[in-house]
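# Descriptive structure summary
So the chains spell out like this:
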Amino acid sequence: MLRDLILRSRSIRRFHEDTPVNPKALRELVDMARLTPSGANLQPLKYVTSTSKELNEHIFSTLAWAGYLKDWEGPVPGERPGGYIVILGDRGVAPSFGCDHGIAAQTICLGAAELGLGACIVGSIERNELLAILELPVSQYELLLVIALGKPRERIELELVAEPGKIEYYRDENDVHHVPKRRLEDVLIAEH
């Protein structure tokens, strides 16, 4: 079952924007994330959720999408996320956040897949601009990641890396998004 969730949990970048995201679903996903392991159990992560059309537009304006797709500027109106979860590190709790936000983000994405939502972890963010939009002090919060959520509008297929080092995702002539993955033998370097 977990393997199935992992296979369904892809980076969705196009959504059915007209299908609303239930705010309770985002709250449930944050609740799952707060239960994940945390270095020294400090639990320094904080979250902001949005299903507000107006705030979503502002959040969207601070994000960059799909760096490998050079001729694509990101989702057009009608394809944009219906919700967001912003992951923040609270410097009042800890000076650094280790890998806590990666664990939390993956948990949110797996939970989203279980709920039938698509998700995309975005790390290319105009951080100070988004903190200003959210009216959060830069001195207290570090903006770590944004997770875009909504009803998926694209098909994604995993495939094996065809040529060594050629790991760039791409879209084919049928607009299917292909994601090359290395073989198990290429990443498992020793078994003792």
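To be clear, the structure that these remarks concern was listed above.
Report follows, based on the coordinates. Since we're looking at a predicted model, the values are computed, not measured.

### Here's the deal with unusual backbone geometry
- A positive phi is found at Q43, a non-glycine position, where the angle reads about 55 degrees.
- Turning to its location among the elements, Q43 is positioned in the loop between α2 (23-34) and β1 (45-50).
- What makes Q43 partly exposed here is its relative accessible area of 42%.
- One non-glycine residue, A66, lies in the positive phi region at around 50 degrees.
- Considering the arrangement of structural elements, one finds A66 in the loop between α3 (53-60) and β2 (83-90).

### Side note on the environment of A105
- As for its placement among the helices and strands, A105 is situated in helix α4 (residues 100-114).
- Linking A105 and C120, residues 15 residues apart in sequence, is a C-alpha distance of 9.4 Å.

### Here we look at the packing of aromatic side chains
- On inspection of all chains with the given rule, the structure shows 2 aromatic pairs.
- Above the plane of the ring of W72 lies R171, whose end atom (NZ or CZ) is 4.3 Å from the centre.

### Some thoughts on the packing of α2 against α4
- Following both chains from N to C, one finds α2 and α4 inclined at 140 degrees, their axes separated by 9 Å at the closest point. Comparing their axes, α4 and α2 come out oblique. Considering only the axes of α2 and α4, their crossing is right-handed. On α4, the residues touching L29, M32 and A33 of α2 are A104, T107, I108, G111, A112 and E114.
- Among the residues forming the contact of α2 with α4, the class breakdown is 6 nonpolar, 2 polar and 1 charged.

Rules behind the numbers
Residues numbered from 1 in each chain as written. Predicted model: local features only at pLDDT ≥ 70, side-chain atom pairs only at ≥ 80, totals over all residues. Heavy atoms only, no water. Helix = DSSP H or I, 4+ residues; strand = E, 2+ residues; numbered from the N terminus. Buried < 20%, exposed > 50% of the residue type's maximum accessible area, 1.4 Å probe, protein only. Phe/Tyr/Trp six-rings, centres within 6.5 Å; stacked < 30°, edge-to-face > 60°. Lys NZ or Arg CZ within 6 Å of the ring centre and 35° of its normal. Axes fitted to C-alpha atoms, helices over the stretch in contact; angles between N-to-C directions. Parallel < 35°, antiparallel > 145°, perpendicular 65-115°, else oblique. Left-handed = near helix turned anticlockwise from the far one by under 90°. Contact = heavy atoms within 4.5 Å. Nonpolar A, V, L, I, M, F, W, Y, C, P; charged D, E, K, R; others polar.

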